[in-house]
Amino acid sequence: MKIGAKHYRTIWVESDGWSVTVIDQTRLPFDFETVTLRDVKSVAQAISDMLVRGAPLIGATGAYGICLAMRADPSDAALDAAYEMLVAARPTAVNLRWALDRMRDAIRNQPPAERANIAYRKAAEICEEDVAINAAIGEHGLALIEEAAKGKKSGEAVNVLTHCNAGWLATVDWGTATAPIYMAHDAGIPVHVWVDETRPRNQGASLTAWELKNHGVPHTVIADNAGGHLMQRGKVDLCIVGTDRTTATGDVCNKIGTYLKALAAHDNSVPFYVALPSPTIDWTLTDGVKQIPIEERSGKEVSDITGKTADGSITSVHIVPDGTPVANYAFDVTPARLVSGLITERGISDASRDGLTALFPERV
């Protein structure tokens, strides 16, 4: 995607051929800054501190963490230590383990002198696959927006509601939930996005809105609890969200609050779609509520909030009574019965084992 007139991906190898640069998403939307990572420890820290976030980008970043580890020490012991350090950085998104498994499998039985080069090639392959997957998701999801547009008056926008950030910043490029939106906009289809603020980290307000503004897509940020109200009044044509992990039976784990949007959509007969890259499917799980680990993050993300003051300075303030206990559950699970369809790189399927295996028969 573009920032100003310049095309960016969210992660790239520097001109030295080995160090890895990412966009520091904790600085958005007020400052656009990049951070260069030069060892596996800094990669793990970037993932856990959410300088990078979004399941596909976490996987790609973890892959480059293995590259940096192999450059420093190509031994089996270093490979195993890097794997364990990185896989522990974020427990919910399955893409991280998927990418690390691919890296380890590609490297394990190779001569130590060749491991770093093999690792960088495999990490680049993972990134290119992610871009291709997201572009395909965009093309399949575009058909849903085109269909919704047929029921609109000339020039009237299709209203899409999304939750959290499943955009370009959550992937290597394009995004998952936003890819159909960008493609619709680029094709000249009037589209407007209701952007949930997505407390507590406000990825919708700070990241999705920033992306859409840069790309020129009309959008409006709303409080998280406003979605049901808009659906009741016919102001939402469809919902498209992303996912951090989806079971083989179609249960979807995404940023906290997604489940409530799905309930409201179901009650108001609003289609609720999930943009689903296949590496995000955990084929070993069948019950999302019981089996998916839900990350609990620092309560400070709820009790404190960062913003820009009238004089332009960036500051954080405390918004709950001192000493008040705070819980911060980062994700929730939307049961398959509430999902209208899963938009994958191979097409759109029912949120069910049969639906997914029809698109991915090799997983039967």
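About the thresholds
- Residues numbered from 1 in each chain as written.
- Predicted model: local features only at pLDDT ≥ 70, side-chain atom pairs only at ≥ 80, totals over all residues.
- Heavy atoms only, no water.
- Buried < 20%, exposed > 50% of the residue type's maximum accessible area, 1.4 Å probe, protein only.
- Helix = DSSP H or I, 4+ residues; strand = E, 2+ residues; numbered from the N terminus.
- Pairing = 2+ DSSP bridges.
- Axes fitted to C-alpha atoms, helices over the stretch in contact; angles between N-to-C directions.
- Contact = heavy atoms within 4.5 Å.
- 1 Å grid on protein atoms, 1.4 Å probe; cavity = no way out; pocket = protein on both sides within 12 Å on 5 of 7 lines; lining within 4 Å.
- Points joined across faces, edges and corners; volume = space filled by probe spheres on them.
- Nonpolar A, V, L, I, M, F, W, Y, C, P; charged D, E, K, R; others polar.

Q: Is there a simple way to think about the pairing of strand E17 (residues 341-344) in this case?
A: Walk down a regular strand and you will see the side chains alternate between the two sheet faces. Alternating positions in E17 separate into two faces, Gly341 and Ile343 on one and Leu342 and Thr344 on the other, with burial throughout. As consecutive antiparallel partners, E17 and strand E18 (residues 347-349) are separated by two residues.

Q: Would you mind going over the sheet that holds strand E6 (residues 158-162) with me for this structure?
A: Note on sheets: strands pair through backbone hydrogen bonds, and any given pair is parallel or antiparallel. One open sheet holds the seven strands; their spatial order is E8-E7-E6-E9-E12-E17-E18, and the pairing between them is mixed. A strand with exactly one partner marks an edge of an open sheet, and here the two such strands are strand E8 (219-222) and E18. With strand direction ignored, the average angle separating the axes of adjacent strands in the sheet is 25°. With three bridges connecting them, strand E9 (residues 238-241) and strand E12 (residues 272-275) associate as parallel partners. Bridge pairing in E12 links Ile240 to Tyr273. Taken strand by strand, helix H7 (residues 203-215) contacts E6, strand E7 (191-196) and E8, and its axis lies near 160° from that of E7. Of the strands in this sheet, E6, E7, E9 and E12 are in contact with helix H9 (residues 258-267), which crosses E12 at around 145°.

Q: Whenever I open this one, the environment of Asn225 confuses me. Can you help?
A: Here Asn225 lies in the loop between E8 and helix H8 (227-232). Once the C-alpha coordinates of Asn225 and Leu260 are considered, the two residues, 35 residues apart in sequence, prove to be 8.8 Å apart.

Q: Mind showing me how you'd approach empty space enclosed by the protein here?
A: Any space left empty among the atoms is revealed by the rolling of a water-sized probe across them. According to the stated counting rule, one finds four cavities of 30 Å³ or more in the structure shown. The space that makes up the largest cavity amounts to roughly 180 Å³. Lining the largest cavity are 21 residues, and of these Arg53, Gly54, Ala55, Asn165 and Asp244 lie nearest its centre. Elements with a contribution of two residues or more to the lining of the largest cavity: helix H2 (55-72) and strand E11 (252-255). Ranked by residues supplied to the lining of the largest cavity, first place goes to H2 with three residues. Along the lines of polarity and charge, the residues of the lining of the largest cavity split into eight nonpolar, nine polar and four charged. The computed volume of the second largest cavity comes to approximately 80 Å³. Lining the second largest cavity, in full, are Ala55, Pro56, Gly59, Ala60, Asn95, Trp98, Ile126, Glu129, Asp130, Ile133, Pro277 and Pro279. The set of elements that each furnish at least two residues to the lining of the second largest cavity consists of H2, helix H4 (94-107) and helix H5 (112-150). Classifying every residue of the lining of the second largest cavity gives eight nonpolar, two polar and two charged.

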